[in-house]
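One-letter residues, chain by chain:
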Amino acid sequence: MTLALVSATGTAICWTIYAIRGVEVEDDGTLVEAFHLLGLGWLFAAIAMGFLAASLFFFARR
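Residues numbered from 1 in each chain as written. Predicted model: local features only at pLDDT ≥ 70, side-chain atom pairs only at ≥ 80, totals over all residues. Heavy atoms only, no water.

**A look at the side chain of Ser7**
Reasoning step 1: By the secondary structure assignment, Ser7 is in helix H1 (residues 2–21).
Reasoning step 2: When near neighbours in sequence (up to four residues on either side) are disregarded, Ser7 contacts Phe44, Ile47, Ala48 and Phe51. (Helix = DSSP H or I, 4+ residues; strand = E, 2+ residues; numbered from the N terminus. Contact = heavy atoms within 4.5 Å.)

And the structure:
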């Protein structure tokens, strides 16, 4: 359960940073979007859901 909360916190951090600094304009006028933060956030979210499902599964088996 603790690992799920840690992963969910990582998700929130990545998505917050993306919301604040996700799209930047370079000096030559091109847009650069930080898709790696979105992908990393989704990865943390999937890990959190996996840990949560595993903890619920093992709790139900007790």
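There's plenty left to go through after this.
**Here's the deal with the environment of Leu38**
Reasoning step 1: Its place among the elements puts Leu38 in helix H2 (residues 35–61).
Reasoning step 2: Excluding its chain neighbours within four sequence positions, the residues that come into contact with Leu38 are Trp15 and Tyr18.

**Details of the confidence of the model for the protein chain**
Reasoning step 1: Scored by pLDDT, the protein chain comes out at a mean of 85, with 100% of its residues at no less than 70.
Reasoning step 2: Mean pLDDT values over the elements of the protein chain span from 78, in strand E2 (residues 31–33), up to 88, in H2. (pLDDT = per-residue confidence, 0-100.)

**Side note on H1**
Think of an α-helix as turning once every 3.6 residues; residues three or four places apart then point the same way.
Reasoning step 1: Taking 1.5 Å of rise per residue, 20 residues should cover 28 Å, and H1 covers 29 Å from first to last C-alpha, within 8% of that figure.
Reasoning step 2: If you check which residues of H1 are buried, you get Ala4, Ser7, Gly10, Thr11, Cys14 and Tyr18. End-on view of H1: buried residues confined to an arc of 120°, all on one side of the axis. Exposed residues pointing more than 90 degrees away from the buried face of H1 are listed as Thr2, Leu5, Val6, Ala19, Ile20 and Arg21. (Expected span 1.5 Å × (residues − 1). Buried < 20%, exposed > 50% of the residue type's maximum accessible area, 1.4 Å probe, protein only. Arc of directions from axis to C-beta.)

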